[in-house]
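Examining the three-dimensional arrangement
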Amino acid sequence: MATALLTIDLAALTQNWKALDAKTNCETAAVVKADGYGLGAARVANTLAHAGVRKFFVAAAEEGAELRAALGPGPEINVFSGHMSGDTDMIHDMELTPMINSIDQMLRHVEALPGRPFGVQLDSGMNRLGMEPAEWAALRDITEQQTPTLIMSHLSCADDPDHAMNTQQLKVFKEMTAGVNAPRSLAATGGILLGPDYHFDLTRPGVGLYGGLPFAQAQPVARVSVPVIQCRDVEVGETVGYSNTWTAQRPSRVATIAGGYADGIIRAMGPNIDVYFGSTACPVIGRISMDMIGVDVTDLGEDPKMLDLLTEDQTVDVLAEAAGTIGYEILTNMGQRYTRRYSS
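For every chain, the first residue of the written sequence is number 1, and numbering continues from 1 onward in sequence order. In keeping with the model being predicted, local features are shown solely for residues with a pLDDT of at least 70 and side-chain atom pairs are shown and tallied solely at 80 or more, while totals for entire chains, interfaces and linings include all residues. Hydrogens and water molecules were not included; the side-chain quantities draw on all heavy atoms of the structure.

Moving on, we come to the pattern of salt bridges. For this document, the term salt bridge refers to a Lys or Arg side-chain nitrogen within 4 Å of an Asp or Glu carboxyl oxygen. The tally for this structure, following the rule as stated, stands at nine salt bridges. Here Glu175 ties to Lys171 by a salt bridge, and the two come within 2.8 Å at their closest N and O atoms. Residue Glu175 and its partner Lys171 are both found in helix H9 (residues 164-177); the two are separated by four residues, about one turn of the helix. When accessible area is computed with a 1.4 Å probe and restricted to protein chains, residues below 20% of their type maximum are described as buried, those above 50% as exposed, and intermediate ones as partly exposed. Judged by relative accessible area, Lys171 falls into the partly exposed class, the value being 47%. One salt bridge connects Arg337 with Asp263, and the closest N-O pair in it is separated by 3.0 Å. Taken together, the positions of Arg337 in the loop between helix H12 (327-332) and strand S19 (339-343) and Asp263 in the loop between strand S14 (252-257) and strand S15 (274-277) put the pair 74 residues apart, joining distant regions of the chain. According to the relative accessible area criterion, Arg337 is partly exposed, its value standing at 39%. Overall, Asp263 belongs to the buried group, its relative accessible area being 3%. Several salt bridges share partner residues, and in doing so they unite Asp233, Arg253 and Asp303 into one network. Counting from the N terminus, the helices are the DSSP runs of H or I reaching at least four residues and the strands are the DSSP runs of E reaching at least two.

Now for the packing of aromatic side chains. Whether two aromatic rings pair depends on their centres lying within 6.5 Å, for rings of Phe, Tyr and Trp, where Trp uses its six-membered ring; planes under 30 degrees apart make the pair stacked, over 60 edge-to-face, and the rest tilted. Evaluated as defined, the whole model comprises four aromatic pairs. Between Tyr37 and Tyr328, the aromatic rings sit 6.2 Å apart at their centres with planes inclined by 40 degrees, giving tilted as the arrangement. With Tyr37 in helix H2 (residues 33-37) and Tyr328 in helix H12, this pair connects stretches of sequence that are 291 residues apart. Its relative accessible area of 6% is what places Tyr37 among the buried residues. For the ring pair Phe173 and Phe200, a centre distance of 5.1 Å and an interplane angle of 85 degrees mean the geometry is edge-to-face. Here Phe173, found in helix H9, pairs with Phe200, found in the loop between helix H10 (189-194) and strand S10 (202-203); they are 27 residues apart in sequence, far enough to count as distant. Phe200 shares its class with Phe173; the two are buried. By way of ring pairs, the aromatic residues Tyr37, Tyr210 and Tyr328 are connected into one cluster.

Our focus in this paragraph is the layout of surface pockets. Taken as a whole, the largest pocket holds about 780 Å³ of empty space. Residue lining of the largest pocket: 35 residues in total, with Tyr37, His154, Ala188, Val207 and Tyr328 positioned closest to the centre. Those elements that place two or more of their residues in the lining of the largest pocket are H2, H10 and H12. For this classification, Asp, Glu, Lys and Arg are treated as charged, while Ala, Val, Leu, Ile, Met, Phe, Trp, Tyr, Cys and Pro are nonpolar and the rest, including Gly, are polar. Partitioned by chemical class, the residues of the lining of the largest pocket number 19 nonpolar, 11 polar and five charged. Only protein atoms enter the 1 Å grid used here. Points where a 1.4 Å probe fits but cannot escape make up a cavity, open sets with protein on both sides within 12 Å along at least five of seven lines make up a pocket, and a residue lines them when an atom lies within 4 Å of a point. Grid points are joined across faces, edges and corners, and a volume is the space filled by probe spheres set on the points. Of the voids in this model, the second largest pocket is the one considered here, and its volume is about 300 Å³.

Turning our eyes to something else, we now look at the environment of Asp197. Its location among the elements puts Asp197 in the loop between H10 and S10. In sequence terms Asp197 and Lys18 are 179 residues apart; their C-alpha atoms lie 20 Å from each other.

The seven strands lie next to each other as S3-S4-S5-S6-S7-S8-S9, forming an open sheet whose pairing is parallel. Looking at which strands have only one partner, the edges of the open sheet turn out to be strand S3 (30-31) and strand S9 (184-185). Here, any two strands with at least 2 DSSP bridges between them count as paired. In this sheet, strand S8 (residues 151-152) lies alongside strand S7 (residues 119-121) in parallel orientation, the contact comprising two bridges. Bridge pairing links Gln121 to Met152 in S8. Whether two residues touch is decided by their heavy atoms; if any such pair falls within 4.5 Å, the residues are in contact. Angles shown run from 0 to 180 degrees and are taken between the N-to-C directions of axes, each axis being a line fitted to C-alpha atoms and, for helices, limited to the stretch in contact. The strands that helix H6 (residues 103-112) touches are strand S6 (96-100) and S7; relative to S6, the one it contacts most, it runs at about 150 degrees.

Turning our eyes to something else, we now look at the packing of helix H1 (residues 10-21) against helix H3 (residues 41-51). Remark: H1 packs on H3, axes separated minimally by 10 Å, with the N-to-C direction vectors making an angle of 50 degrees. One finds that H1 runs oblique with respect to H3. Judged by the sense of rotation from one axis to the other, the crossing of H1 with H3 is right-handed. Across the interface between the two elements, Leu10, Leu13, Thr14 and Trp17 of H1 pack against Arg43, Val44, Thr47, Leu48 and Ala51 of H3. In what follows, roughly perpendicular refers to angles from 65 to 115 degrees, roughly parallel to angles under 35, roughly antiparallel to angles over 145, and oblique to any angle outside these ranges. The hand of a helix crossing depends on one turn: near helix anticlockwise from the far one by less than a right angle means left-handed, and clockwise means right-handed.

What follows deals with the side chain of Asn78. Topologically, Asn78 is positioned in strand S5 (residues 76-79). Excluding residues that lie within four positions of it along the chain, Asn78 makes contacts with Lys55, Phe56, Phe57, Val58, Thr97 and Met99.

Between H3 and helix H4 (residues 61-71), the shortest axis-to-axis distance is 9 Å and the interhelical angle comes to 55 degrees. It follows from the interaxial angle that H3 and H4 lie oblique. Crossing angle aside, the handedness with which H3 passes H4 is right-handed. Contacts from Ala41, Ala42, Ala45, Asn46 and Ala49 in H3 reach Leu67, Ala70 and Leu71 in H4. Its residues placed into classes, the contact of H3 with H4 shows seven nonpolar, one polar and no charged.

What follows is the structure, given as structure tokens:
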């Protein structure tokens, strides 16, 4: 094996969805955008559908079309970006439900696909997607002619439970949807953890399904093991990798492993992470390069064939902190060179 192995635990994925679902008294959907957060949308969605999920969310109509091909008829596939120009045929043919974000999108949808289902996305304060209060007020009457499948908004600070923006957005969302006869949704993973006031009729967990924060009780879903290409002896004073950033202070045994920033192993995390041989930590040394990483395996006393990068202890969020980013970026940037294996 010459590429890293990404193992995806579908049983853990299912348990995470069930655990989040158990925290609510409403329907729980699943967000599978960005190829199921990098873990394979088709396998992820089919596993969750088998567990009972009937509503899925993707970022774009193209993702929705691929997901429909994988799931077949039946489950509802909602598109966060709404009804974009050029999406009409996909929305029609693949039975997608756009979350309408603007007056222009609403006009496009009702003119091109009259009578076809749609949801509505409102901007409750994040200023990213959705109709602002004045725009929504001009369109609310359309819901008397055709009830949206869902009216939703998105919290900007749900990963910080004490942030004042949470209660502010909750207030605005309630005001904007008062008197509208349609199901409502405000909470993704973080919103579920904020409690029942945020749950409404449907929740939409994403990162928590895949083992990421803010769902600290999530079971780890992904594991990455990287093959060793070569081991060599390095004498005191010799250097390893680009720019000579690591110099041997003792006679050392150095392994070169087959992974790098082309595989989503972010260059900046190098000084702050280890890889593991069983439970033994082996420091990453030198610069992470495109396809290879140096590792100090001197203390192992043997040459390993594989070393683990993403483990139960060195999680996506630990790697993210080491790189100065978030777990979402680690998950969604896992390279396509990985050999993927699914366990259930």
